[in-house]
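# Coordinate inspection notes
Each chain, letter by letter, is given below.
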Amino acid sequence: MSSDRSKDVTPPPLPAPLAVPVADSHTHLDMQSGTVEEGLAKAASVGVTTVVQVGCDVNGSRWAADTAATHPSVHATVALHPNEAPRIVLGDPDGWSRQGERPAGGDAALDEALAEIDRLAALPHVKGVGETGLDHFRTGPEGVAAQERSFRAHIEIAKRHGKALVIHDRDAHDDVLRILKEEGAPERTVFHCYSGDAEMARICAENGYFMSFAGNITFKNAQPLRDALAVAPRELVLVETDAPFLTPAPYRGRPNAPYLIPVTLRAMAAVKGLDEDTLAAAVSANTARAFDY
């Protein structure tokens, strides 16, 4: 979480366009201001010509699938976020989620939600199952069982439909890697907003897992992330915004959107000692390979 969150909601300025077009491998258009069309046009104007719209709950996953069906430059992923699974099972009395206050539904409610994710995952314009995984930061010990059960179910759904698996891993590296090993990872697995260190990047590389880097690679305190990027093989690296979150420096605290990808990509190129066109070409090819489009 950002410790310097200001109340500045002014959108950052347009960066200089990329010469080689790239994809934003992970964004939440449904949480951003303005219309989808405006957001896509603004992104395309700086060379971000494709976005992967990510579902976090049943409603958001339906929205992602519908949006991808009507916009050729949008690909969808569908899932119950790791923090969503415990809310479904145990209830959400504080209404922290976008659906507001919810009663406990137990395992039956989780099964019902997973069945809908399974149905959506079969659609041709849905290219991935995610973001799923584990989050030990926001969910306490009481929610671990629901998170793990949901994660294992998502892995099975991704494999059965031949879709990419998009992983949310927060403070849970060892458990995420363990469950992937136990279940057998899908052919294409993406660590969204990669948050591990260089040692974990080597493990991901050995397993052929894609590592997607977000705006936090530009934060002052993110040297371990830059060290991880430095050792991550070029053919396994993706770039994302996770917008509206994780706005890159120097705009941290202001709203993020796909058009800011060039800022992060240029910072990544510097870390890897590559010119931006070379990295953009690699990232573009990698994202298409990861999501099979």
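The paragraphs below set out a description of the structure included in this document. (Residues numbered from 1 in each chain as written. Predicted model: local features only at pLDDT ≥ 70, side-chain atom pairs only at ≥ 80, totals over all residues. Heavy atoms only, no water.)

## A word on the overall build of the protein
This is how it is decided: Runs of H or I in DSSP of at least four residues are treated as helices and runs of E of at least two as strands, each being numbered from the N terminus. For the radius of gyration, the atoms used are the C-alpha atoms, and the globule rule reads 2.2 Å times the number of residues raised to 0.38. For every residue, the accessible area obtained with a 1.4 Å probe (protein chains only) is divided by the maximum for its type, and the residue is called buried under 20%, exposed over 50%, and partly exposed between those limits. By the convention used here, residues are in contact when the closest approach between their heavy atoms is within 4.5 Å. His is not counted, nor are the chain ends; Lys and Arg add positive charge and Asp and Glu add negative charge. A charged residue contributes its charge at one atom only: NZ of Lys, CZ of Arg, CG of Asp or CD of Glu.
A tally of regular secondary structure across the protein gives 10 helices and 8 strands. The C-alpha atoms of the protein give a radius of gyration of 18 Å, which matches the 19 Å a tight globule of 293 residues would have. C-alpha extents for the protein along the principal axes are approximately 50 × 40 × 40 Å. Evaluated residue by residue, the protein yields a buried proportion of 55% over its 293 residues. When contacts within the protein are restricted to residue pairs at least 6 apart in sequence, long-range pairs at least 24 apart make up 72% of them. Separation of charge centres in the protein, based on 28 positive and 40 negative side chains, amounts to 3 Å.

## Observations concerning the pairing of strand β3 (residues 74-78)
Remember that side chains alternate between the two faces of the sheet whenever the strand is regular. Note the threshold: Pairing between two strands requires that DSSP report at least two bridges joining them.
With 5 of 5 residues buried, β3 is to be regarded as a mostly interior element. Alternating residues of β3 divide into Val 74, Ala 76 and Val 78 and His 75 and Thr 77, and every residue in both groups is buried. Bridge count between strand β2 (residues 48-54) and β3: 4 bridges; the pairing is parallel. Bridge pairing in β3 links Val 52 to His 75. With 3 bridges connecting them, β3 and strand β4 (residues 126-135) associate as parallel partners. Within the sheet, the bridge partner assigned to Ala 76 lies in β4 and is Val 126.

## Notes on the sheet that holds strand β6 (residues 189-191)
The strands that make up a sheet are held in pairs by hydrogen bonds between backbone atoms, and each pair lies either parallel or antiparallel. The line we're drawing: Geometry is summarised by axes, namely lines fitted to C-alpha atoms with helices restricted to the contacting stretch, and by angles between N-to-C directions that run from 0 to 180 degrees.
As summarised here, the arrangement of the 8 strands in space is β1-β2-β3-β4-β5-β6-β7-β8, forming an open sheet in which the pairing is parallel. With one partner strand each, in any of the chains shown, β1 (22-27) and β8 (237-239) form the two edges of the open sheet. For this sheet, the mean inter-axis angle between neighbouring strands, taken without regard to orientation, is 30°. Here helix α6 (residues 173-183) sits on the sheet and contacts β4, β5 (164-170) and β6; the angle it forms with β5, its principal contact strand, is near 155°.

## A word on the environment of Ser 195
Which entries qualify depends on this criterion: Polar contacts here mean pairs of N or O atoms no more than 3.5 Å apart (in protein, one a potential hydrogen donor and the other a potential acceptor; neighbouring residues in sequence count only if both atoms are side-chain atoms).
Tracing the backbone through its elements, the reader meets Ser 195 in the loop between β6 and α7 (198-207). Residue classification places Ser 195 among the partly exposed positions, given a relative accessible area of 34%. Looking at Ser 195, its side chain comes within polar contact range of the main-chain oxygen of Asp 169, at 3.1 Å.

## Description of the side chain of Ser 25
In this structure, Ser 25 sits in strand β1. Here Ser 25 falls in the buried class, since its relative accessible area comes to 2%. Apart from residues no more than four positions distant in its own chain, Ser 25 is found in contact with Val 52, Ser 212, Leu 238, Val 239, Glu 240, Thr 287 and Phe 291.

## Describing the packing of helix α5 (residues 144-161) against α6
For clarity, the threshold we go by: Roughly parallel means an angle under 35 degrees; roughly antiparallel means over 145; roughly perpendicular covers 65 to 115; every other angle is labelled oblique. Less than a right angle of anticlockwise turn of the near helix away from the far helix marks a crossing as left-handed, whereas a clockwise turn marks it as right-handed.
Two numbers describe how α5 lies on α6: the axes approach to 11 Å, and their chain directions differ by 45°. In this view, α5 runs oblique relative to α6, as classed from their interaxial angle. Between α5 and α6 the crossing geometry is right-handed. Residues Glu 148, Phe 151, Arg 152, Ile 155 and Lys 159 of α5 form the contact with α6, whose own contacting residues are Val 176, Arg 178, Ile 179, Leu 180, Glu 182 and Glu 183.

## What to know about the side chain of Asp 57
The residue Asp 57 is located in the loop between β2 and α2 (58-70) in this model. A distance of 3.4 Å separates the side chain of Asp 57 from the backbone nitrogen of Asn 59, its partner in a polar contact. When sequence neighbours within four positions are dropped, the list of residues in contact with Asp 57 reads Ala 79, Leu 80, Glu 84, Arg 98 and Gln 99.

## Re the environment of Tyr 259
For Tyr 259, the position within the fold is in the loop between β8 and α9 (261-272). Distance from Tyr 259 to Pro 15, taken between C-alpha atoms, is 7.7 Å for residues 244 residues apart in sequence. With residues near it in sequence (within four places) discarded, Tyr 259 still touches Pro 11, Pro 12, Pro 13, Leu 14, Pro 15, Lys 42, Ala 43 and Val 46. Of note is the side chain of Tyr 259, whose polar atom sits 2.5 Å from the backbone oxygen of Pro 12.

## Regarding the packing of aromatic side chains
Note the cut-off: Two rings from Phe, Tyr or Trp (for Trp, the six-membered ring) form a pair when their centres sit within 6.5 Å of each other. Planes less than 30 degrees apart are called stacked, planes more than 60 degrees apart edge-to-face, and all others tilted. To sit over a ring, a charge needs its Lys NZ or Arg CZ within 6 Å of the ring centre and within 35 degrees of the ring normal.
Applying the stated criterion to the full structure yields 2 aromatic pairs. Residues Phe 191 and Tyr 209 carry aromatic rings whose centres are separated by 5.8 Å and whose planes lie at 35° to one another, so their mutual orientation is tilted. With a gap of 18 residues between them, Phe 191 in strand β6 and Tyr 209 in the loop between α7 and β7 (210-213) connect regions that are remote in the sequence. As far as burial versus exposure is concerned, Phe 191 and Tyr 209 are alike and both buried. Summarising the aromatic geometry, the rings of Tyr 194 and Phe 213 are spaced 5.4 Å apart at their centres and angled 45° between planes, so their arrangement reads as tilted. Of the two residues, Tyr 194 sits in the loop between β6 and α7 while Phe 213 sits in strand β7, which places them 19 residues apart along the sequence. An identical accessibility class is assigned to Tyr 194 and Phe 213; each is buried. One residue, Arg 170, lies across the ring of Phe 137, its end atom 3.6 Å from the ring centre. Taking NZ or CZ as reference, Arg 252 lies 3.7 Å from the ring centre of Phe 219, over its face.

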